[in-house]
Amino acid sequence: MSKKAETRHSMEEWADRIRTVSSGSDPQAARKLASDIYRAAQEELEAERARAEFEREE
């Protein structure tokens, strides 16, 4: 699966979760979603940095 396809799939999952949280009134669910998005973004940034570092070393 290409990186672009992975991102699109993940974006659809995030969109589904946002719709679920926004239609409810559970503030903890909204905080959990925000935390999950933040964590996923940080993990993606770390992976990109690692790839860039690997490419520089080669």
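Preceding block: the structure.
Everything quoted here is computed from the prediction, not taken from an experiment.

(A) Fine view of the overall build of the chain. Each helix and strand in the chain was counted, giving two helices and zero strands. Across the 58 residues that make up the chain, the buried fraction comes to 5%. For the chain, the computed accessible surface area is about 5100 Å², with 55% contributed by carbon and sulfur atoms.

(B) A look at the pattern of salt bridges. Counting across every chain of the model gives seven salt bridges. Its salt-bridge partner being R19, residue D16 comes within 2.4 Å of it at the nearest N-O pair. Linking D16 with R19, this pair stays in helix α1 (residues 3-23), spanning three residues, or about one helical turn. R19 sits in the partly exposed class, given a relative accessible area of 48%. For R51, the salt bridge identified is with E44, shortest N-O distance 3.5 Å.

(C) Examining the side chain of D36 more closely. Along the chain, D36 falls in helix α2 (residues 27-57). Within the structure, D36 has its side chain in polar contact with the side chain of R17 (distance 2.6 Å). Other than its neighbours up to four places away in sequence, D36 contacts W14 and R17.

(D) Summary view of the environment of K32. As for its position among the elements, K32 is in helix α2. On the basis of relative accessible area, K32 is assigned to the partly exposed category, the value being 49%. Sequence spacing of K32 and V21 is 11 residues, and the spatial spacing of their C-alpha atoms is 9.7 Å.

Parameters at a glance
- Residues numbered from 1 in each chain as written.
- Predicted model: local features only at pLDDT ≥ 70, side-chain atom pairs only at ≥ 80, totals over all residues.
- Heavy atoms only, no water.
- Helix = DSSP H or I, 4+ residues; strand = E, 2+ residues; numbered from the N terminus.
- Buried < 20%, exposed > 50% of the residue type's maximum accessible area, 1.4 Å probe, protein only.
- Areas by Shrake-Rupley, 256 points an atom, 1.4 Å probe, with all protein chains shown as cover.
- Salt bridge = Lys/Arg side-chain N within 4 Å of Asp/Glu carboxyl O.
- Polar contact = N/O pair within 3.5 Å; in protein donor to acceptor, adjacent residues only side chain to side chain.
- Contact = heavy atoms within 4.5 Å.

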